[in-house]
Amino acid sequence: MASQSWINKDFYAALGVSKGATADEIKKSYRKLALQHHPDRNPGNKQSEEKFKDMAEAYDVLSDPKKRAEYDQLRDAVAAGGGRGWPGGFRTDDLGDEFDLQDFLQTVMGGSGGGFGGFGRRGRRKGSDVETTVTLSFEEAALGSERRVSLDLPTTCSACGGSGGKNPKTCPQCSGRGTVANSKGPFAISQSCPGCRGRGTVSDDPCQGCGGSGTRKERREFTVKFPAGVSDGARIRVRGRGEAGSSGGGSGDLFVRVSVAAHPFFSRRGDDLTITLPLTFAEAALGAQVKVPTLSEPVTLKVPPGTSSGKTFRIRGRGIPRRAGAGDLLATVQIAVPQKLSKAERDAVEKLAASEESPRSHLGV
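What you see is a predicted model, and the numbers here were worked out from it, not measured in a lab. (Residues numbered from 1 in each chain as written. Predicted model: local features only at pLDDT ≥ 70, side-chain atom pairs only at ≥ 80, totals over all residues. Heavy atoms only, no water.)

Caption draft 1: How the structure looks around the overall build of the protein chain. Summing up its helical and strand segments, the protein chain has eight helices and 17 strands in all. Within the protein chain, the proportion of its 365 residues that are buried is 41%. Considering only contacts in the protein chain between residues 6 or more positions apart, those separated by 24 or more positions represent 64%. Surface accessibility of the protein chain: about 20,300 Å² in total, with carbon and sulfur atoms responsible for 49%. (Helix = DSSP H or I, 4+ residues; strand = E, 2+ residues; numbered from the N terminus. Buried < 20%, exposed > 50% of the residue type's maximum accessible area, 1.4 Å probe, protein only. Contact = heavy atoms within 4.5 Å. Areas by Shrake-Rupley, 256 points an atom, 1.4 Å probe, with all protein chains shown as cover.)

Caption draft 2: The arrangement of the packing of aromatic side chains in detail. According to the stated counting rule, one finds four aromatic pairs in the structure shown. With centroids separated by 6.0 Å and ring planes inclined at 45 degrees, the aromatic side chains of Y12 and Y71 adopt a geometry described as tilted. Placement of the pair is Y12 in helix α1 (residues 11–15) and Y71 in helix α4 (residues 65–83), with a sequence separation of 59 residues. On the basis of relative accessibility, which here comes to 7%, the residue Y12 falls in the buried class. By way of ring pairs, the aromatic residues F11, Y12 and Y71 are connected into one cluster. Directly above the ring of F255 sits R235, whose terminal nitrogen or CZ lies 4.2 Å from the centroid. Over the ring of F313 we find K311, and its NZ or CZ is 5.3 Å from the ring centre. (Phe/Tyr/Trp six-rings, centres within 6.5 Å; stacked < 30°, edge-to-face > 60°. Lys NZ or Arg CZ within 6 Å of the ring centre and 35° of its normal.)

Caption draft 3: Here's a closer look at the nonpolar core. Residues F226, V230, V290 and V292 are the most contacted members of the largest nonpolar core, which totals 39 residues. Setting aside chain neighbours within four positions, we find F226 in contact with V134, L136, G144, S145, R147, I236, V256 and V258. In this structure, F11, L33, A58 and L62 belong to the second largest nonpolar core, which totals 19 residues. (Core = buried A, V, L, I, M, F, W, Y, C linked by side-chain atoms within 4.5 Å.)

Caption draft 4: Representation of the state of the cysteines within the structure. Counting across every chain of the model gives zero disulfides. There is no disulfide at C171, and the cysteine sulfur nearest it, in C174, is 3.8 Å away. Residue classification places C171 among the buried residues on the basis of a relative accessible area of 2%. (Disulfide = S-S within 2.5 Å.)

Caption draft 5: Fine view of the environment of V61. Here V61 is to be found in helix α3 (residues 46–62). The sequence separation of V61 and W6 amounts to 55 residues, and the corresponding C-alpha distance is 9.5 Å. Discounting residues that sit within four places of it in the chain, V61 has contacts with W6, F11, K67, R68 and Y71.

Caption draft 6: Structural view of the layout of surface pockets. One number sums up the size of the largest pocket: a volume of about 1,600 Å³. Lining of the largest pocket is provided by 44 residues; of these, G229, V230, S231, D232 and R268 occupy positions nearest its centre. Secondary structure elements with two or more residues in the lining of the largest pocket: α2 (23–37), α3, α6 (138–143), β10 (235–238) and β12 (266–269). Take the lining of the largest pocket: its biggest share by element is six residues, from α2. Of the residues belonging to the lining of the largest pocket, the class tally is 22 nonpolar, nine polar and 13 charged. (1 Å grid on protein atoms, 1.4 Å probe; cavity = no way out; pocket = protein on both sides within 12 Å on 5 of 7 lines; lining within 4 Å. Points joined across faces, edges and corners; volume = space filled by probe spheres on them. Nonpolar A, V, L, I, M, F, W, Y, C, P; charged D, E, K, R; others polar.)

Any functional reading would require information that these geometric values do not contain.
Next comes the structure, spelled out in structure tokens:
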């Protein structure tokens, strides 16, 4: 659903792409910037955290063809309005929390509203979208999972059926339209009628269950499916599970923001998993076969003799699942240096040191 906040936001600039960017270009740019500004890489950096949130919102809109079309149309309408003498003192804050986008576009563009369905026809108003956050374990995000989400949401009052009371009659303030015109310079912006709260009707005997609002909060539970490979900061959209609309308007959507908990030893790089693999000096020098954990069962990695600390081995198909196959597991070797040595171990190391050539000879020191 289109949002008033879109008017003041440049989602293309947030992702560093042009308005004509392809879906692949938008995705590529988002992944690059998200990796750069991810909170895990910038702990305590509020600026990076805000940039990450802005990019996530921008990608959520621009990666959805329908949302992107609505966003482009709304921004174009605002630009067109400005070209026609948009009042200098006009601010989007003047629109209020709720406003009729369809009427807004009709006013600015002189057209049909461009397909922003569900807004204010004869008082009908689509319910607001709702957002909540769910924290998933690293494995749940990587492999996919389901969660029950509980929310207190405004829903159509069962006592009055959303009418707000007994013997409803046409609202005298809006003549039953559910909206009133609020003049802003050369424009008349349509807003929800304060007298009937957008329903188009009022009652002299308000419903005791909802106080005449037509809605009341109820605890609702939904099952939300998280696909395998869902990333930290992603938003899952559940259509029609947001706030109830008024006067027969449809319900808003539920957006579930994903927060992925850190793993004790795995990290993620796109569809690849990364892990630091400790080796003893003997294993690295002589070669060995070592067990490496994965998201399922461990695998055996053959480490060749003379392996240096920092070398990365790619174990194919053991990363994050995706539609076709899976990413890889990148295991980076780290030589584990013992903190304490027994006498026998010290003697052995000293004998080895006496027979070794300096690895710094090429430095001339």
